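# Architecture and fold: a report
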Amino acid sequence: MPNFPLPLDLTAAHALSSIHSQCWKLLNTAARGNEAGWRLPVLATSMQNGCRQRTVVLRNVQADRASLLFHTDKRSPKVQQIEADPNVSLLFYDHDLAAQLQIEGTANIHQNDDLATMVWEEGTPASLKMYCAPLVPGVVCQTAEFNTPASLQGRIPDRAEILSGQSTFCVIEVVANTIEWLRLSRDGNLRARFFYEAGRLQTAEWMAP
Ligand SMILES: Cc1cc2nc3c(=O)[nH]c(=O)nc-3n(C[C@H](O)[C@H](O)[C@H](O)COP(=O)(O)O)c2cc1C
């Protein structure tokens, strides 16, 4: 897709609302396929003495709740960081769209509930296999370590073979509080911000890029 599609008339009353809808449409596209740049955002969490960022895969979005879903190993440090402080930020950039999103939101960990079951069932065995890892992610190892059971190494397992992974699998749901959009163009950059309350869009404003 060449560049982020803009409304024809940027001065029209509905211009911001049209950009907002387009953002969620493109996030939805990114969650459904591997190609889009917005598929691989950076998730930042805070810690006692700083912050930490990591790449994650966008798995699903629910535009009507301003919600974005990711999956992870519940033993990983980011889960403890979110439980201690649920304020997170997400950074997306899509080179083809020449568009960045900075999302600030509140994260929730879901395990063994309807949402976690839905995301588990949507996942492919290739993407869920890592949840069968015997070691806690991040522990120091004496030798090179794939952290995959020997029986699953080097192949894509059947669904039945990865069932045990469901006990370490969890979903991170981020509900947006603000989304800041920046679109780069030789003709001029554009920037806007959207504010939500309880997952509902409240206001939108243009910003100086
Ligand atoms: C392209 C890419 C996609 C990744 N996707 C995920 C993901 O969806 N979930 C996840 O927990 N880690 C994912 N990772 C690994 C994380 O970036 C990170 O290394 C790991 O989760 C440990 O993070 P933590 O120690 O901060 O908890 C991905 C890494 C890369 C390079």
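This report concerns the structure included in the present document. Each chain has its residues counted from 1, running along the sequence as written. Where local features are concerned, this predicted model is filtered to residues with pLDDT of at least 70; where side-chain atom pairs are given and counted, the filter is 80 or more; whole-chain, interface and lining totals use all residues. As a rule here, side-chain values come from all non-hydrogen atoms in the structure, and water together with hydrogens is ignored.

## What to know about the pairing of strand E1 (residues 42–47)
Rules: The pairing criterion for strands is at least two bridges between them, as found by DSSP. What counts as a helix is a DSSP run of H or I of at least four residues, what counts as a strand is a run of E of at least two, and both are numbered from the N terminus.
Bridge count between E1 and strand E2 (residues 50–55): six bridges; the pairing is antiparallel. Residue pairing for E2: Ser 46 is matched across the bridge by Cys 51. Adjacent in sequence and paired antiparallel, E1 and E2 are bridged by two residues.

## Digging into the pattern of salt bridges
Rule in force here: By definition, a salt bridge exists where a carboxyl oxygen of Asp or Glu is found within 4 Å of a side-chain nitrogen of Lys or Arg.
Going through the model one piece at a time under the given rule, you end up with five salt bridges. In this structure, Arg 75 engages Asp 73 in a salt bridge whose closest nitrogen and oxygen atoms are separated by 2.8 Å.

## Some words on the site of the ligand
So the rule is basically this: What makes a residue near a molecule or strand is one non-hydrogen atom of that residue sitting within 4 Å of it. As used in this structure description, the phrase polar contact means that two N or O atoms lie within 3.5 Å; if the pair is within protein, one of them must be able to donate a hydrogen and the other to accept it, and residues adjacent in sequence are counted only when both atoms belong to side chains. To measure how exposed things are, a 1.4 Å probe is used in the Shrake-Rupley method; for residues, cover is taken only from the protein chains shown. In this classification, the charged set is Asp, Glu, Lys and Arg, the nonpolar set is Ala, Val, Leu, Ile, Met, Phe, Trp, Tyr, Cys and Pro, and all remaining amino acids, among them Gly, are polar.
Taken together, Leu 40, Arg 52, Arg 54, Thr 55, Val 56, Val 57, His 71, Thr 72, Ser 76, Pro 77 and Lys 78 make up the full set of residues near the ligand. Within the contact set of the ligand, an oxygen atom lies 2.8 Å away from a side-chain nitrogen or oxygen of Arg 54. Taken by itself the ligand offers 620 Å² of open surface, and the protein chains cover 64% of this. Among the elements of the structure, E2, strand E4 (67–73) and helix H2 (77–84) are those that each provide at least two residues to the shell around the ligand. For the shell around the ligand, the leading source of residues is E2, giving three residues. Per-class residue counts for the shell around the ligand are four nonpolar, four polar and three charged.

## Brief notes about the environment of Cys 132
Rules: Only protein chains enter the calculation, and the probe is 1.4 Å; a residue is then buried if its accessible area is under 20% of its type maximum, exposed if over 50%, and partly exposed in between. We call two residues in contact when some of their heavy atoms are within 4.5 Å.
Mapped onto the elements of the fold, Cys 132 is located in the loop between helix H4 (125–128) and strand E7 (169–183). Cys 132 sits in the buried class, given a relative accessible area of 11%. Sequence separation between Cys 132 and Ala 150 is 18 residues, and the spatial gap between their C-alpha atoms is 11 Å. Ignoring anything within four residues of it in the chain, the contact list for Cys 132 reads Pro 149, Leu 152, Glu 161, Ile 162, Ser 164 and Gly 165.

## So, the environment of Leu 6
Position of Leu 6 among the secondary structure elements: in the segment before helix H1 (15–32). Remark: the alpha-carbon pair of Leu 6 and Val 57, spanning 51 residues in sequence, is separated by 26 Å. Every residue in contact with Leu 6, bar those within four places of it in the chain, is listed here: Ile 19, Trp 181, Arg 183 and Leu 190.

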